[in-house]
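# Understanding the architecture of this molecule
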Amino acid sequence: MLDIQHTEAVIREVYDEPWCGNNIALSILRLDALHPTVSGNKIYKLHYFLQKAIQQRSMVITFGGAYSNHLAATAAACRHYGLGCVGVVRGEEPGNLSPTLRYCLQRGMHLEFKSRKDYSQKEEGQFLENLGLQFGEHILIPEGGFSAAGVRGAAQIYNSIRDRSYTYICCPVGTATTMAGLLKSASFSTEILGYSVLKGLDVNERLAFLLGTPLPENYRVISNYHFGGYAKKTDDLIDFMNRFYDKHLIPLDFVYTGKMMYGAVDMIKQGYFKEGSRILCIHTGGLQGNLSLAPGTLKY
Ligand SMILES: *Cc1c(COP(=O)(O)O)cnc(C)c1O
């Protein structure tokens with residue numbers, strides 16, 4: 001790994017009646033603790049892009065919405081390595097910047113706002129050519145790191161785990177890059193459960209695109225814990241996150257890890273996992289996103 005990572009990722013076992021009472025072990029890989037903002041899976045997904053940018057002393061251009069953990073992580077990482085960076089932001093410039101975009105500006109990221117219509121063309125040749133004309137030589141990182149290089153970086157998450165005996169590994173799914181990385185690297189005896197946080201996203205199609213190989217069989221997409229869609233939430237979800245923090249002192253974010261954890265615990269209660277299962281949930285970070293919640297919503 002590049003030296004931006006503050007500490008090694010630790011695995012914490014958590015204990016509560018629904019699983020302990022059924023002889024199921026539940027652990028959490030705390031990628032959220034790797035770095036205050038380049039947290040979680042983003043450190044891994046950015047790895048090969050940053051390495052190339054550092055080697056070529058090149059600036060970085062990437063994309064995201066106003067609350068994007070990916071933009072925040074890229075801004076912090078580029079600051080750390082002294083790289084220039086541009087964040088192409090979906091939507092017109094608002095009068096009031098989100099906490100995420102303010103954070104990006106403070107880290108020296110140049111923000112380039114694009115209307116939703118223009119933004120939707122961001123993979124087109126003309127759009128990319130214009131970026132080159134405007135900013136010059138650069139390393140382009142697709143939104144959310146969605147690419148083979150992002151997958152290779154995310155595969156290092158599994159390689160950092162020494163214990164290979166988990167029955168299940170759970171992760172939240174946005175672009176599916178992290179899940180693809182886990183699938184690429186994990187042992188076939190471990191089943192990867194991906195909790196989609198978007199409504200109606202075809203995760204299988206994304207995995208096929210990202211891996212470029214026939215899909216293995218040791219995975220399952222769980223698509224009924226999106227709570228209404230991307231960045232949508234319910235009181236039930238927020239209550240769960242507050243109770244989870246009270247019990248285990250582990251903060252979750254409401255866009256990704258809260259939904260995955262809610263889903264995993266709910267499936268435990270419904271008897272989805274066999275007795276003796278060992279489950280590892282990946283805390284992919286993203287806690288900065290909670291700043292967009294009204295003060296007092298969460299206890300932490
Ligand atoms: C970006 C992000 C994800 C989504 O990861 P993908 O690789 O895009 O599926 C999951 N969790 C957190 C906290 C994130 O910030």
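Everything here concerns the structure above.
The sections below set out a description of the structure shown in this document.

## Regarding the sheet that holds strand E1 (residues 11-14)
A sheet is described by the order of its strands in space; here six strands give the open sequence E1-E2-E10-E7-E8-E9, paired in mixed fashion. Both outer strands of the open sheet, E1 and strand E9 (219-222), are each paired with one neighbouring strand and no more. Adjacent strand axes in the sheet meet at a mean angle of 25° when their direction is disregarded. Where strand E7 (residues 168-173) and strand E8 (residues 191-196) come together, six bridges link them in parallel fashion. Opposite Ile169, over in E8, you have Ile192 as the bridge partner. Of the strands in this sheet, E7, E8 and E9 are in contact with helix H9 (residues 203-211), which crosses E9 at around 135°.

## A few points about the site of the ligand
Residues in contact with the ligand amount to 15 residues; listed here are only the nearest, Lys42, Asn69, Thr175, Thr178 and Thr284. With respect to the ligand, the side chain of Lys45 contributes an N or O atom lying 2.8 Å from an oxygen atom. A distance of 2.9 Å separates an oxygen atom of the ligand from a polar atom in the backbone of Ala176. Those elements that place two or more of their residues in the shell around the ligand are helix H2 (41-56), E7 and helix H8 (177-185). In terms of residue class, the shell around the ligand is made up of four nonpolar, nine polar and two charged.

## Here we look at the pairing of E7
Counting buried residues along E7, six of its six residues qualify, which places the element largely inside the surrounding structure. Assessed by its sense of winding, the connection that carries the chain from E7 through H8 to E8 is right-handed. For E7 and strand E10 (residues 278-283), the ladder comprises three bridges, and the chain directions are parallel. The residue bridging Cys170 from the neighbouring strand is Cys281, located in E10.

## Quick look at the environment of Phe227
Looking at the secondary structure, you find Phe227 in the loop between E9 and helix H10 (235-248). Note: C-alpha distance between Phe227 and Asn290 (63 residues apart in sequence) is 16 Å. If sequence neighbours within four positions are ignored, Phe227 has contacts with Lys232, Lys233, Thr234, Leu237, Lys259 and Tyr262.

## Overview of unusual backbone geometry
In this structure, Ala176 is a non-glycine residue whose phi angle is positive, near 80°. Examined against the element boundaries, Ala176 turns out to sit in the loop between E7 and H8. Its relative accessible area of 2% is what places Ala176 among the buried residues. Positive phi is not limited to glycine here, since Phe227 has a value of about 55°. The class for Phe227 is buried, based on a relative accessible area of 15%.

## Considering the packing of helix H3 (residues 69-81) against helix H4 (residues 99-106)
Their axes nearest at 9 Å, the elements H3 and H4 cross at an angle of 15°. With respect to each other, H3 and H4 are oriented roughly parallel. The crossing of H3 and H4 is left-handed. Here Leu71, Ala72, Ala75, Ala76 and Arg79 of H3 come into contact with H4, specifically with Thr100, Leu101, Tyr103, Cys104 and Gln106. A per-class count over the contact of H3 with H4 returns seven nonpolar, two polar and one charged.

Rules and cut-offs
Residues numbered from 1 in each chain as written. Predicted model: local features only at pLDDT ≥ 70, side-chain atom pairs only at ≥ 80, totals over all residues. Heavy atoms only, no water. Pairing = 2+ DSSP bridges. Helix = DSSP H or I, 4+ residues; strand = E, 2+ residues; numbered from the N terminus. Axes fitted to C-alpha atoms, helices over the stretch in contact; angles between N-to-C directions. Contact = heavy atoms within 4.5 Å. Near = heavy atom within 4 Å. Polar contact = N/O pair within 3.5 Å; in protein donor to acceptor, adjacent residues only side chain to side chain. Nonpolar A, V, L, I, M, F, W, Y, C, P; charged D, E, K, R; others polar. Buried < 20%, exposed > 50% of the residue type's maximum accessible area, 1.4 Å probe, protein only. Right-handed = clockwise from strand over helix to strand, strands pointing away. Parallel < 35°, antiparallel > 145°, perpendicular 65-115°, else oblique. Left-handed = near helix turned anticlockwise from the far one by under 90°.

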